[in-house]
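Results of the structural survey
Residue strings, one per chain:
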Amino acid sequence: MARRNHTIVSEFFLTAFSEHPEWGLPLFLLFLGFYVITLLGNAGMVLLIRVDGRLHTPMYFLLGHLSFVDICYSSTIVPQMLVVLLQRGAALSYTCCAAQFFLFTFFASIDCYLLALMAYDRYVAVCRPLLYVTIMTEKARWGFVAGAYGAGFSSAFVRTVTAFSLSFCGDNEIDFIFCDLPPLLKLTCGDSYTQEVVIVVFAIFVMPICVVAILVSYLFIVVAIMRIPSAGGRAKTFSTCASHLTAVSLFFGTLIFMYLRGNEDQPSEGDRVVSVLYTVVTPLLNPFIYSLRNKEVKEAFKKALNRPKASGRP
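Residues numbered from 1 in each chain as written. Predicted model: local features only at pLDDT ≥ 70, side-chain atom pairs only at ≥ 80, totals over all residues. Heavy atoms only, no water.

Structural notes on the sheet that holds strand 1 (residues 11-14)
Strand pairing in a sheet takes place through backbone hydrogen bonds and is either antiparallel or parallel in direction. Basically, it comes down to this: Following DSSP output, two strands are said to pair if at least two bridges run between them. Helix numbers and strand numbers start at the N terminus; a helix is a DSSP run of H or I with at least 4 residues, a strand a run of E with at least 2. Residues are treated as being in contact if the distance between any of their heavy atoms lies within 4.5 Å. Lines fitted to C-alpha atoms define the axes here, with helix axes fitted over just the stretch in contact, and angles between the N-to-C directions of these axes take values from 0 to 180 degrees.
Spatially, 2-1-3 is the arrangement adopted by the three strands of the open sheet, whose pairing is mixed. Lying at the two open borders of the sheet, with one neighbouring strand each, are strand 2 (90-93) and strand 3 (173-174). In this fold helix 3 (residues 58-87) packs onto strand 1 and strand 2, with an angle of close to 140 degrees to the strand it touches most, strand 2. Contacts from helix 4 (residues 94-127) reach strand 1 and strand 2, with the element oriented near 85 degrees to strand 2.

Below, the structure is given as C-alpha cells:
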C-alpha cells in the first residue's frame, strides 16, 4: 500500500490474456476477422436500409442507427485490443484511456436505449396497429433517437468525469482488453465509494430501466400474439420479435454480469471472456440476427445482389 500511495499513475499498460502468451497471434487473427465482418455486416445493413424503399419504416430506421452505433462501439475497443494482443501489451496514456472509456460508455448507453426503443416500436406495431402510423411519425423517430444520443452522452460524461477524478497509483497494469471502470477501480488510491455509487446509478438509469421497458413491452406483445386466431399469424409476429429478443438477451446479459456484481480484487479470465462477448461478439452478430430471421431484409438483400446482374443485361 505504501508504494501505491507514492507512485502516481500517468499512463496505463493493457495486457489481455497475459497468462496465455501463446494465444496472442490466434486471438489477434480471430478478432481481426470478427472486426472486419462486423464492419461489413453493419455497414451493409445501414446501406441496405438506405437504398431499399421497403425498409424505410420506423423499425428499420432504429435498426439502421443500431448498426451505425455498433460500428462506432466496436471501433472504440477492437483496434486497441488487436494492438494489445499482437504486441503482448500496450501503453495507453491517461487521456487516451479516459477517451476510450467515455466513447465506450457513450455508445454502449445508446445501444441500450435503441434496443428499448425497438421494443417499444414492436409493442406499438403489434398492440396498437391502427395508431402505429400516427405514433411512430418521422418527427417522433428522430426525437426518440436524439433522446437516446443525448442520454448516452450525459451518462458517459458523468461517469468519465467521476471515474477520472480519482487518483490512480502503484501498479499501472490493467489485465483487461480495454479501459473499463471495474478494472480501473482496482488501481485507485484510498476509498472509491463514490465511484462504486456511480456504477450503481449507471446501472439503475440505463440497464435496468431499459430492461424493464423491454420486458413490459414484450409482455403486452405476447398477450397480443396469443389472441391472434391463426397459427400462421402468431408465428409470423413472433418471428419478427424473436430476433430482437436474441440481441437483447446477449447484450444486456453480459453487461449486467459485469456491472451488477461485487468488485473483485483481480479481473478473472471469465471477466475477459464476458467482455469480449459484449464488445466484439454482439456487434458482430446483430446484423446476422436481424437479417436471418427477417423476411424483408432477406428480400432486400437478394434484390441488391440481383441488381448488378439486371443492369448488365443488354
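Some words on the packing of helix 4 against helix 9 (residues 207-226)
Here is the rule: When describing relative orientation, an angle under 35 degrees is termed roughly parallel and one over 145 degrees roughly antiparallel, while 65 to 115 degrees is termed roughly perpendicular and anything else oblique. In this scheme, a crossing is called left-handed if the near helix is turned counterclockwise away from the far one by less than a right angle; it is called right-handed if the turn is clockwise. Classes in brief: Ala, Val, Leu, Ile, Met, Phe, Trp, Tyr, Cys and Pro nonpolar; Asp, Glu, Lys and Arg charged; the others, Gly included, polar.
Contact pair helix 4 / helix 9: the axes reach a minimum separation of 9 Å and the direction vectors enclose 20 degrees. Regarding the angle of helix 4 to helix 9, the classification is roughly parallel. In the crossing of helix 4 with helix 9, the sense of the turn from one axis to the other is left-handed. Counting all contacts with helix 4, which are made through C112, Y113, L115, A116, A119, Y120, R122, Y123, V126 and C127, the residues of helix 9 involved are M207, C210, I214, S217, Y218, F220, I221 and A224. Along the lines of polarity and charge, the residues of the contact of helix 4 with helix 9 split into 16 nonpolar, one polar and one charged.

A few points about the pairing of strand 2
Counted only if it meets this: A simple rule labels every residue: compare its accessible area, found with a 1.4 Å probe on the protein chains alone, to the largest value its type can have, and call it buried under 20%, exposed over 50%, or partly exposed in between.
Of the two faces of strand 2, the one lined by A90 and L92 is fully buried and the one lined by A91 and S93 carries no buried residue. In this sheet, strand 2 lies alongside strand 1 in antiparallel orientation, the contact comprising four bridges. By the bridge assignment for strand 2, E11 is matched with S93.

Considering the nonpolar core
Put simply, the test is: What makes a nonpolar core is a set of buried Ala, Val, Leu, Ile, Met, Phe, Trp, Tyr and Cys residues whose side-chain atoms join them at distances within 4.5 Å.
Judged by nonpolar contacts, the single largest core of 90 residues is most densely connected at L114, L115 and F252. The element best represented in this core is helix 4, accounting for 20 residues. Apart from residues lying up to four places away in sequence, L115 is in contact with L66, I214, H244, V248, F251, F252 and Y290.

Notes on the UniProt feature "transmembrane region" (unreviewed entry) in the protein chain
Spelled out, the test is: UniProt positions are given in the numbering used here, feature names are shortened, and annotations may be inferred rather than shown by experiment.
Residues given the UniProt feature "transmembrane region" (unreviewed entry) here are residues 27-49, 61-86, 92-120, 140-158, 197-226, 238-260 and 272-292. The span residues 27-49 shows a helical share of 100% and a strand share of 0%, and its end C-alpha atoms are spaced 32 Å apart.

Considerations on a nonpolar patch on the surface
What counts here: Exposure above 30% relative accessible area and no salt bridge define the residues that can form patches, which grow by joining like charges within 9 Å and nonpolar side chains of Val, Leu, Ile, Met, Phe, Trp and Tyr within 5 Å. In these tables, accessible area is a Shrake-Rupley quantity obtained with a 1.4 Å probe, and a residue counts as shielded only by the protein chains included in the view. Every case where a carboxyl oxygen of Asp or Glu lies within 4 Å of a side-chain nitrogen of Lys or Arg is listed as a salt bridge.
A cluster of nonpolar side chains, namely Y193, V197, V201, F205 and I209, defines an oily patch on the protein surface of about 480 Å² accessible area. Here I209 lies in helix 9.

Side note on the state of the cysteines
We apply this condition: Defined by distance alone, a disulfide is two cysteine sulfur atoms within 2.5 Å.
Throughout the structure, instances matching the rule amount to one disulfide. Between the sulfur of C97 and that of C179 lies a disulfide, 2.1 Å long from S to S. Between C97 and C179 the sulfur-sulfur dihedral comes to about -125 degrees; the bridge is accordingly left-handed. Pair noted here: C97 is in helix 4 and C179 is in the loop between strand 3 and helix 7 (181-185), with a separation of 82 residues, a long-range link. Taking the relative accessible area as the measure of exposure, C97 reaches 0% and is therefore buried. As a non-bridged cysteine, C96 has C97 as the owner of its nearest cysteine sulfur, 8.8 Å distant.

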